[in-house]
Amino acid sequence: MVQDIVAGAFCCVGTFFFLVGTTGLIRMPDVFSRLHPSTKCDTLGACSLIVGMAVYSGWSWELLKLIIIACFVLLSSATCGHAIGRSALRGDIKCWRRKNGVEDGHGT
Amino acid sequence: MISLVFIAALFALLLYVVANMPPMGDPDNPTNSSEVIERYLEKGGEETHADNVVTGIIINYRGYDTMGEVTVIFCALAAVLAVLGRERRGRIYAYVDRSRVPSSVIVRTMVALLVPFIILFSVYTILHGEISPGGGFQGGAIVGGSMIVFTTIFGLLESSQRIPQRLRFPLEGSAVITFFAVGALGLAGGGNFLTFAWPEIAGNLQPSLVVWLTVLVETGIGLGGAMVLISILFSMIREEEEIAVVP
Amino acid sequence: MGTALNLTFIVLLVVTALLAVLARDLLAAVIIFSAYSLIMALMWQRLQAPDLALTEAAVGAGVTTVLFVVAIFKTRRREEEEE
């Protein structure tokens, strides 16, 4: 019973972060600021969901598999975000600025 | 615009059809009245000795289909090579990242760390395919995907040293060759083509022999599929690298 | 619940398929197509065909996407404008 509640809470947290991350992905103006919410999706959202599933499954072999999946997601998504950000930065993609501010700032 | 309307109408029609489909898992479904399914489910275990019925069907009952599919994959490679050609053997490539952004240390380290695990998982998928979901095709595709990731990060030079052409060349046909060899083995044993089991010769060993032959065929398909995918990728990206040949 | 999920998947599938066809930017079309493959893999899993789900996820979402991207970078990224 308690297990179910805790698992559900973690899954709700994960879903919340996915929602926020996706909203940010749609609403944000340029690559760099979009990268910020979309990596939150992977790390916080997916890992909260995995923790929720781990709590739900209890002590079993599924727990080990879930831990491995969590490790894989953490490593690969962080690397992915780094690679996208780096290539956007080196590829001279301009940062978004407010309209009345400096228009053509390079990413620093 | 007309095409959009047409697609929307098609979508509505398909949704209507899907909504009217018989429910999943219903014993009264029309597909369940077929005699083939009864045979597969009741006799499949003892006839193919595969714990996973799907593998038993793919490798054994529908062996001709699978052999055709394997040949199709091989033909795809042949077509790609006929159009694009292979990457040159023995030429010195200089690795130039055409995307202007050299891959960073973090990405290189992570890929070098993760690719072995992905390949391990694909080996599991291939060898365990006889018991659990998965098998030669899936495992081969996973190997191909991991090598594609490796090639994207480290470049053609590095990865064609890891999997050199003289290694890929004999293995590309391994799917077709293994399947054909196992099929011909059935002929040699006095059975039909693709007969995995011939009880009069193997005797008591027959069940384990069938399992080993299944694993052999799965491994052949996996290796062949992986090598085909890698060769297709190499021959597709080779030109970019050849521009940068060291004089 | 199950029906709602299935319907969501089907609607997403059709939307991604349409977007992949309609996208002028071929790179975007390829990425959308890989999303389509992923949803298709989920649908195979829901239809209790894990073998096909594995194949679709590995080949459809992984390998063909990369091959398409390579092909795009060897040709042109934009679709030819009409008239």
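This is a predicted model, so every value here is computed, not measured.

## A few points about the overall build of chain C
- Within chain C, the regular secondary structure consists of 3 helices and 0 strands.
- Shown N-terminal to C-terminal, the secondary structure of chain C runs as helices and strands in the order α-α-α.
- Expressed as lengths along the three principal axes of its C-alpha atoms, the size of chain C is roughly 45 × 25 × 15 Å.
- Out of the 83 residues belonging to chain C, those deemed buried represent 20%.
- Of the contacts formed within chain C by residues at least 6 apart in sequence, a portion of 47% connects residues at least 24 apart.

## Here we look at the overall build of chain A
- Helix and strand content of chain A: 3 helices and 0 strands.
- Mapped from its N terminus to its C terminus, chain A presents α and β elements in the order α-α-α.
- By the compact-globule yardstick of 13 Å for 108 residues, chain A is too spread out, its C-alpha radius of gyration being 18 Å.
- In chain A, which comprises 108 residues, the share counted as buried stands at 14%.

## A closer look at the nonpolar core
- Among the nonpolar cores identified, the biggest contains 44 residues, and Ala141, Leu229, Ile230 and Leu233 of chain B together with Ala58 and Val63 of chain C are the most heavily contacted of them.
- For this core, the elements supplying multiple residues, two or more each, are helix H3 (53-61), helix H4 (63-84), helix H6 (136-162), helix H8 (174-188) and helix H10 (206-242) of chain B together with helix H2 (26-46) and helix H3 (50-74) of chain C.
- Top element by residues in this core is H10 of chain B. It accounts for 14 residues.

## Thoughts on the confidence of the model for chain C
Residue and element names in this part refer to chain C.
- For chain C, per-residue confidence averages 85 on the pLDDT scale, and residues scoring 70 or more make up 93% of the total.
- Of all secondary-structure elements in chain C, the lowest mean pLDDT belongs to H3, at 86, while H2 reaches the highest, 91.
- If you check the scores for this complex, the pTM reads 0.80 and the ipTM reads 0.80.

## A look at the interface of chain B and chain C
- Each partner contributes to the interface: chain B provides 20 residues, whereas chain C provides 15 residues.
- Looking at the side of chain B that touches chain C, the elements that each hand over two or more residues are helix H1 (2-19), H6 and H10 of chain B.
- No other element matches the 7 residues that H6 of chain B contributes to the side of chain B that touches chain C.
- Here the side of chain B that touches chain C is composed, by residue class, of 15 nonpolar, 5 polar and no charged.

## Overview of the interface of chain B and chain A
- Listed per partner, the contact involves 8 residues of chain B and 9 residues of chain A.
- Its residues placed into classes, the side of chain B that touches chain A shows 5 nonpolar, 2 polar and 1 charged.

## Points about the environment of Ser235 of chain B
Residues and elements named next belong to chain B.
- Relative to the assigned elements, Ser235 resides in helix H10.
- Since 17 C-beta atoms lie within 10 Å of it, Ser235 is described here as partly exposed.
- As a C-alpha pair, Ser235 and Gly85 span 150 residues in sequence and 6.2 Å in three-dimensional space.
- What Ser235 contacts, discounting residues up to four positions off in sequence, is Val80, Leu81, Leu84, Gly85, Arg86 and Glu87.

Cut-off values and rules
Numbering of residues begins from 1 in every chain and follows the order in which that chain's sequence is written. Each chain gets a letter, beginning with A, and each ligand a number, beginning with 1, in the order they are written. For this predicted model, a pLDDT threshold of at least 70 governs which residues receive local features, and a threshold of 80 or more governs which side-chain atom pairs are given and counted, while totals over whole chains, interfaces and linings are taken from all residues. Every helix listed is a DSSP run of H or I at least four residues long, and every strand listed is a run of E at least two residues long, numbered separately from the N terminus. Every C-beta atom is placed from the backbone, and the number of other C-beta atoms within 10 Å of a residue's own sets its class: buried at 20 or more, exposed at 12 or fewer, partly exposed in between. Think of it this way: build a C-beta for each residue from its backbone, and any pair within 7 Å is a contact. What the globule rule says is 2.2 Å times the number of residues to the power 0.38, and the radius of gyration is computed from C-alpha atoms. The nonpolar core is taken to be a set of buried Ala, Val, Leu, Ile, Met, Phe, Trp, Tyr and Cys residues joined by way of C-beta atoms within 7 Å. The pLDDT value tells you how sure the predictor is about a given residue, anywhere from 0 up to 100. When residue character is reported, Ala, Val, Leu, Ile, Met, Phe, Trp, Tyr, Cys and Pro are called nonpolar, Asp, Glu, Lys and Arg charged, and the others, Gly included, polar.

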